[in-house]
Every structure is written in C-alpha cells, then in structure tokens.
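An overview of the molecular structure
The primary structure of each chain is shown beneath.
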Amino acid sequence: MKRLTSLIRKEFYHIFRDKRTLLILFGMPVVQILLFGYAITNEIKDAHIAILDQSNDEVSRRLADKLVASGYFLPDGQTESIDDIEQLFREGRIKMAVVVEPDFADKLQHEGKASVQLLADATDPNMANTLVNYATAIIQNFQLELNQPGQPPILVGAEVRLQYNPSLKGVFLFVPGLITILLMLVSAMMTSISIAREKETGTMEVLLASPMNPGQVIIAKVVPYFSLAFLDAVVVLLLGRYVFGVPIMGSVPLLLAEIMLFIIMALSLGILISTVAQTQQTALLLSLMGLMLPTILLSGFIFPIENMPLPLQIISHIIPARWFIVIEKAIMLKGVGIAYFWKETLILIGFTVFFIGMSIKKFNVRLG
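This structure is a prediction, so every number in the text was calculated from the model and none was measured.

Tallying each qualifying case throughout the model produces 6 salt bridges. In this structure, Lys66 engages Glu145 in a salt bridge whose closest nitrogen and oxygen atoms are separated by 2.9 Å. With a gap of 79 residues between them, Lys66 in helix H3 (residues 58-69) and Glu145 in helix H6 (residues 125-146) connect regions that are remote in the sequence. Between Asp76 and Arg93 there is a salt bridge, and its shortest N-O distance comes to 2.7 Å.

Turning to helix H4 (residues 82-91), a few remarks are in order. The set of residues buried in H4 consists of Ile85, Leu88 and Phe89. Along the axis of H4, the buried residues cluster in a sector spanning 100°; they form a single face. Buried residues along H4 sit against strand E1 (47-53), strand E3 (96-100), strand E4 (113-121), strand E5 (155-163) and helix H13 (320-334). Gly92 sits one or two positions beyond H4 and adopts a positive phi of about 75°.

Now for the layout of surface pockets. Of the voids in this model, the largest pocket is the one considered here, and its volume is about 810 Å³. Lining the largest pocket are 30 residues, with Gly92, Lys95, Glu306, Arg322 and Val326 sitting closest to its centre. Only H4 and H13 provide two or more residues apiece to the lining of the largest pocket. The element best represented in the lining of the largest pocket is H13, accounting for 7 residues. By residue class, the composition of the lining of the largest pocket is 10 nonpolar, 7 polar and 13 charged.

What counts as what
- Residues numbered from 1 in each chain as written.
- Predicted model: local features only at pLDDT ≥ 70, side-chain atom pairs only at ≥ 80, totals over all residues.
- Heavy atoms only, no water.
- Salt bridge = Lys/Arg side-chain N within 4 Å of Asp/Glu carboxyl O.
- Helix = DSSP H or I, 4+ residues; strand = E, 2+ residues; numbered from the N terminus.
- Buried < 20%, exposed > 50% of the residue type's maximum accessible area, 1.4 Å probe, protein only.
- Arc of directions from axis to C-beta.
- Contact = heavy atoms within 4.5 Å.
- 1 Å grid on protein atoms, 1.4 Å probe; cavity = no way out; pocket = protein on both sides within 12 Å on 5 of 7 lines; lining within 4 Å.
- Points joined across faces, edges and corners; volume = space filled by probe spheres on them.
- Nonpolar A, V, L, I, M, F, W, Y, C, P; charged D, E, K, R; others polar.

Given below as structure tokens:
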C-alpha cells in the first residue's frame, strides 16, 4: 500500500512540474466553458439595420423608435433610398432593412391599413428568419397600440423579402463554412502534424542535412497539402453547386484565387505551429485549441459574431476564417467583386506575411 501511495505521489509531482499539462488540464475547460457559454447563443441583439422612412410622419417615427427601443436592432446611419439599402447589404453593414411606405399615417387614418416592407440578408438564413420574426412581432404589437376601442380596426401589414437566399436554405450558409473548415484541417492541422512527425522521428534533421536548403524542404512538405486542400475546396464547390443548388453569383476565378490565398495563409500557420511543437501530440493540441475551436465558434460560421460579448468580438478579429467566410459569401451569394471585400483580402495577406515571417524567424533560431 505504501509503495502504491508513493507511486501515486510521484505521478502527481510529474503532472504539477509540467506546465503544459497543467495548462491543458485546467486551461482547456475554462476556455471551452467561456467560449461555449458566450458564443453559442441563438439570441439576437443589436443587429445592424437600415430604416427607410418614406413617410416621415409622427406614426412612422413612433414605429421606428419602437423597433430601436426593443434592443434587438441598431440603426446604421441615414438611408435615403432603396439604392442606399442595396449598397449597405452588399457591403455587409446591415442584416435587415425596414422600409415604411409613403403617406403611412394618412393611409392608416383614411384606409385603415398601411404596409411596412422587411428586407433581410438571408446569407445567414437562421439570423434572417429570427430578425424578421422579431420585427414582425414588434409591428403587430404596434398595431395593437394603434387600435382604439370603438374605432375601425387598423392593419399594419409586414411584407417580407429575403435577399440572396429567398428560400432560406441552410446549405447556403454551410457550404462556405465547410470549405473554410476543410482548408484549415488539411492545410494547417495536417501540415503541422506532418512536420512535427518528421521532427519527432528525427528524419527532419536528415532532410535538413541533405543538399536541399531549408526553404526547399518546407516547400516540398507543403505542396502536396496545398494541392489536396485546393482539390477539396473545388469538390465541395461542385457538390454545393450541382447537388444542393448553391449559386456562385460572382467571379469563379476570383473565388478560386481567394481560396488559394487562404490555403497559403493556413499552410504558413501550420508551419508556424510545427516550429513551436516538438511532438505530434503537441501539434495536434495546438491545432485543435488554436485553430478548429476558434474557426467553428468565433468565425461567424454558425453563431453570429454580433451576438457575442464585446471581448469575444474583439478576439474574433484575429481569426482568419472570419474574414474568409465574408469573402466567400460576398462572391458566391451576393455576386460582388473585390471592391466590396478588399479590406478582408488585405487582412488575409497580412496574416500570411506575419505567419511566414514568424516561421522563418523561429526556424532560423532552431537551426542556429
């Protein structure tokens, strides 16, 4: 019994001396509960909308104030025309637009009915459906407030139009997200594990001692993963287009170019992880914690970033997948060109340059 107790005590000593093990044991549960607790939510709040009040009378202003006061919606600047709304949708600045028809109060008074049009960005069908339901409920409540006992009933109708995804197909959301996850999995995770395996078995030192320079060794390691990742993306695009009917409204060459840029960025990130990790296990843990969980939870793929607390929204800015998903949706569903997402493209280029620079620096340090 004493021998067993000593052995157990020894194992505890080993665990507490290893800081990486402690980080995994205590840090991972804390990070996961914070991410899952705050990021996974179906609630909508402060969704950016545009309000086009073509009547601009007392009643229409009361309706606009009621929408804003609900806490679900946040008006985004001044909107003067339908063209302004189209521009805001293409730029991704708003999720919904509320259009009040001309002579709103006059029609309610004399005809007993008037209409409000709701335009929603359905590239994220779940959010679009939720926003429309919230707005419709608020309009119906406003209608009840207008109806007075002993007076003819007043009807405020809500006409709904869904932009870019009229049928609210969920596959329109999941194809861009699936491409992103596959590219991260094949390019970053598999590359980091592959190079870490070479280091763990000692074959990397053999390759570095060969007549090939370190750059050629790294290129030889990543070219197969680049090819496989690009092929995976093309297969998913073809299946989405011809099996599930997901459109590619914009330029196909531009979409493929952006995919290649994201693959290069992910490969450079995988190489950076491999320079830090000494074993396959460490590379796998870093990839899972640093790549897959943030990509799924904080990229806007499944859960809207706008619904997350401010600290998580700030953290999401350093998740490359967030910017790539914006680019994919803009090309595939909105059919716009690079003029509408050049900032996101520059951010991906910046990530790529940073990861390559850090990889070269750490790689040279190890060689030195």
